[in-house]
Amino acid sequence: MSDAILKLEGVYTNIAQYHILQGVDLEVPRGAVTMLLGRNGVGKTTTLRTVIGHWRAHQGRILFDGEDITKMPTPAIARMGLGFVPEDMGIFADLTVEENMVLAAASGPINSARLDWIFAAFPPLKTFWKSDAGTLSGGQKQMLSIARAMVEERKLYLIDEPTKGLAPAIISTMARALKDLKDQGASVLLVEQNFAVAKALGDSANVMDDGRMIWSGEMQELATDAALQERLMGLSLEAH
Amino acid sequence: MTAAPEHAPKMAEVTFRDRIAPHMPVLLVPLIAIAGFIAIQNPSSWLTLTVSGLAMGMMIFIMASGLTLVFGLMDVINFGHGAFVSVGAFVGISVLMLLGHMTEAPSLMLNLGAILLAVIGAMLATGLMGWAFEKVIVEPVYGHHLKQILVTMGGLIVVEQLIIVLWGPEEIYILRPEALKGAITFAGAAIEKYRLVAVGVGLVVFLAMRWVLRRTKIGLIVRAGVENGEMVQALGYRLRLVFVGVFIAGSALAGLGGVMWGLYQEVITAHMGNHAMILIFIVVIIGGLGSVEGCFIGALLVGLLQNYIAFIEPKAALISNIALMVAILMWRPMGMIPVVKAK
Ligand SMILES: Nc1ncnc2c1ncn2[C@@H]1O[C@H](COP(=O)(O)OP(=O)(O)OP(=O)(O)O)[C@@H](O)[C@H]1O
Ligand SMILES: [Mg+2]
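Since we're looking at a predicted model, the values are computed, not measured.

*Asks:* Before we move on, could you go through helix 3 (residues 97–104) of chain A and cite the residues and values that matter?
*Replies:* Spacing of three or four residues puts side chains on the same side of an α-helix, whose turn is 3.6 residues. Counting buried positions over the eight residues of helix 3 of chain A gives six, a clear majority of the element. Restricting attention to buried positions, one finds in helix 3 of chain A the residues A:Val97, A:Glu99, A:Asn100, A:Met101, A:Leu103 and A:Ala104. Summarising the contacts, the buried residues of helix 3 of chain A are in contact with helix 4 (112–121), helix 5 (123–127) and helix 6 (138–150) of chain A together with helix 8 (193–215) and helix 9 (217–227) of chain B.

*Asks:* Break down the packing of helix 12 (residues 272–287) of chain B against helix 13 (residues 292–312) of chain B for me, citing the residues and quoting the values.
*Replies:* Residues and elements named next belong to chain B. In the contact formed by helix 12 and helix 13, the axes pass within 7 Å of each other and the chain directions differ by 125 degrees. On the basis of their axis angle, the class for helix 12 and helix 13 is oblique. Here helix 12 runs over helix 13; the crossing is right-handed. Note on element contacts: helix 13 touches helix 12 through Gly294, Cys295, Gly298, Ala299, Val302 and Gln306, opposite Leu279, Ile282, Val283, Ile286 and Gly287. For the contact of helix 12 with helix 13, the residue count by class is seven nonpolar, four polar and no charged.

*Asks:* Could you give me a rundown of the interface of chain B and chain A, with the residues and numbers involved?
*Replies:* Counting residues at the interface gives 19 residues for chain B and 25 residues for chain A. Counting each side, the surface lost to burial between chain B and chain A is near 1,900 Å², with a carbon and sulfur contribution of 61%. Seen at the junction of chain B and chain A, the total is two salt bridges. Note that B:Arg223 is salt-bridged to A:Glu99, the shortest N-O span being 3.2 Å. Where chain B meets chain A, there are nine residue pairs in polar contact (both at pLDDT 80 or more). Counting residues per element, the ones that place at least two in the side of chain B that touches chain A are helix 9 and helix 10 (229–234) of chain B. Top contributing element to the side of chain B that touches chain A by residue count: helix 9 of chain B, with six residues. Grouping the constituent residues of the side of chain B that touches chain A by class yields nine nonpolar, three polar and seven charged.

*Asks:* How would you explain a nonpolar patch on the surface if you had to name every residue and give the values?
*Replies:* A cluster of nonpolar side chains, namely B:Leu27, B:Leu31, B:Ile34, B:Phe37 and B:Ile38, defines an oily patch on the protein surface of about 460 Å² accessible area. Its location among the elements puts B:Leu27 in helix 2 (residues 24–40).

*Asks:* Break down the sheet that holds strand 10 (residues 212–218) of chain A for me, citing the residues and quoting the values.
*Replies:* Paired through backbone hydrogen bonds, the strands of a sheet run either parallel or antiparallel to each other. Residues and elements named next belong to chain A. The six strands are arranged 6-7-8-3-9-10 in an open sheet whose pairing can be described as mixed. With one partner strand each, in any of the chains shown, strand 6 (82–85) and strand 10 form the two edges of the open sheet. Direction aside, neighbouring strands of the sheet carry axes that sit 15 degrees apart on average. The sheet contacts of helix 10 (residues 226–233) involve strand 3 (33–38), strand 9 (204–209) and strand 10, and relative to strand 10 the element is tilted by about 160 degrees.

*Asks:* Could you give me a rundown of helix 4 (residues 82–98) of chain B, with the residues and numbers involved?
*Replies:* Taking 1.5 Å per residue as the helical rise, helix 4 of chain B with its 17 residues ought to reach 24 Å, and the 25 Å between its terminal C-alpha atoms agrees with that figure. Counting buried residues in helix 4 of chain B gives 13 out of 17 residues, a clear majority hidden from the surface.

What counts, and where the lines are drawn
- Residues numbered from 1 in each chain as written.
- Chains lettered and ligands numbered in written order.
- Predicted model: local features only at pLDDT ≥ 70, side-chain atom pairs only at ≥ 80, totals over all residues.
- Heavy atoms only, no water.
- Buried < 20%, exposed > 50% of the residue type's maximum accessible area, 1.4 Å probe, protein only.
- Helix = DSSP H or I, 4+ residues; strand = E, 2+ residues; numbered from the N terminus.
- Contact = heavy atoms within 4.5 Å.
- Axes fitted to C-alpha atoms, helices over the stretch in contact; angles between N-to-C directions.
- Parallel < 35°, antiparallel > 145°, perpendicular 65-115°, else oblique.
- Left-handed = near helix turned anticlockwise from the far one by under 90°.
- Nonpolar A, V, L, I, M, F, W, Y, C, P; charged D, E, K, R; others polar.
- Buried area = accessible area lost by both parts, 1.4 Å probe.
- Salt bridge = Lys/Arg side-chain N within 4 Å of Asp/Glu carboxyl O.
- Polar contact = N/O pair within 3.5 Å; in protein donor to acceptor, adjacent residues only side chain to side chain.
- Patch = residues over 30% accessible without salt bridge, like charges linked within 9 Å, V, L, I, M, F, W, Y side chains within 5 Å.
- Areas by Shrake-Rupley, 256 points an atom, 1.4 Å probe, with all protein chains shown as cover.
- Pairing = 2+ DSSP bridges.
- Expected span 1.5 Å × (residues − 1).

Right under this line is the structure:
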């Protein structure tokens, strides 16, 4: 399969003395939304952090757009066109919303058409454009975190639990924005525990357990097979 | 479906205290000045002491500003920062001595020109030295606080000895340039001209730093990096390069502070930087590690308090700064303007 934008081959990652990833294989096709699922603590966040280079794989290879990035410094990986929305959102609280966005547009001034699109998807960002990001609500911070990734066209978006801890109304705002991104043909690797969102957005799905990939296939297949969900994740996703 | 209980939030009264809290650190400076005025009771002495306290504060700020950013950005504790103060003073004063014809002439322009050249020389030397210091001494000990303390202290000792090798072990006495000698009289108070210059330079440095930090992209990167360096890198910026740049700039500023401090004391020694470090650390800690504004306010407080107390009760002057630090840390344990840290 040559048309993978991202490919992990047998990736092992240790955090301190713990063996967290134990041979992760993953393929993220271009122009589609790939879900990364699994119970809590199985290594989804660690997988994304290893791709961006916050953790280092001590074995295995990571290919991004055909290039080996396993040992590349984080800034260089990011500049190749990787948008990262971390699990903790990584907002700069002392900076204004505007300053957060200006920083995120690393290659130059913010494109105004893209900014209009972002404002349409996340109106509060326009309202609080000049406010300190630290004063935003949790949902607004999450919007800002996603908006920062979207402010430039990236080859791949890594998004870690964008709906975590949010109220239903805001979850649908997030889902709509991500759907927008998908419709533009973006490549996305998405960790998402909200099943409705996962089902609506995901093209393919990968399920992790205990630092390994235990299942890969069509999201549709997983979504319609409660027994499979039970076996892979210990519970039916419908229960969420 | 049961109806949600009536949600009738009561608008909380914003108390005077809540409203004033964010501005408290800035307000402390005039508060201390007013307290000084009441305690001293003699307006002209008070004015002299206030200008002198502000001048001292500005110089401490210039010396300390780099250190607070270095700590904020990379969590690096640099006990060797004082080395740049000493080297700056020695290089700057040496340049001034070479320019005797300019400093002895009774022309303000020539005098200021000589000082400018001395400052440029000192900042070039300490900036270059900062670059080497970062590479050789600091980089190998990223992430290890204890090693940082030991190694940077070692670096300081080496630099002090090098100064002694190059300039000899004696302290060097200096005369200020002609136009900066003496005092002017204002409202019955004698104010040393040099102190006014120090206040002016300090203000310019502070405003320039603020402008860079708030209005330029590199400033944004530095402020964001102080909060969450990992995310700054994930956005594509090479934090390590930014850090080296800040280290060099901070070293050059310490060098500038060294020249100014030397001209203020009219004597320089190899250990002057080490001695200044005590005040520098107090200022950085009470300001809030990583905060340039906090550092500025802290420096002014230390400068004013030291001068007032030395006048009112000379014996207490030594402990006044420690007392100030204790009081501020009891009030705000992370310093006056605490920096939000991601981790
Ligand atoms: N900094 C760390 N130090 C030590 N262990 C860690 C650290 N970060 C993660 N781990 C461990 O690594 C394992 C995988 O964590 P990870 O965050 O990747 O899981 P996850 O699949 O994202 O879970 P969740 O769904 O709860 O976000 C967990 O057992 C966690 O305790
Ligand atoms: Mg996670």
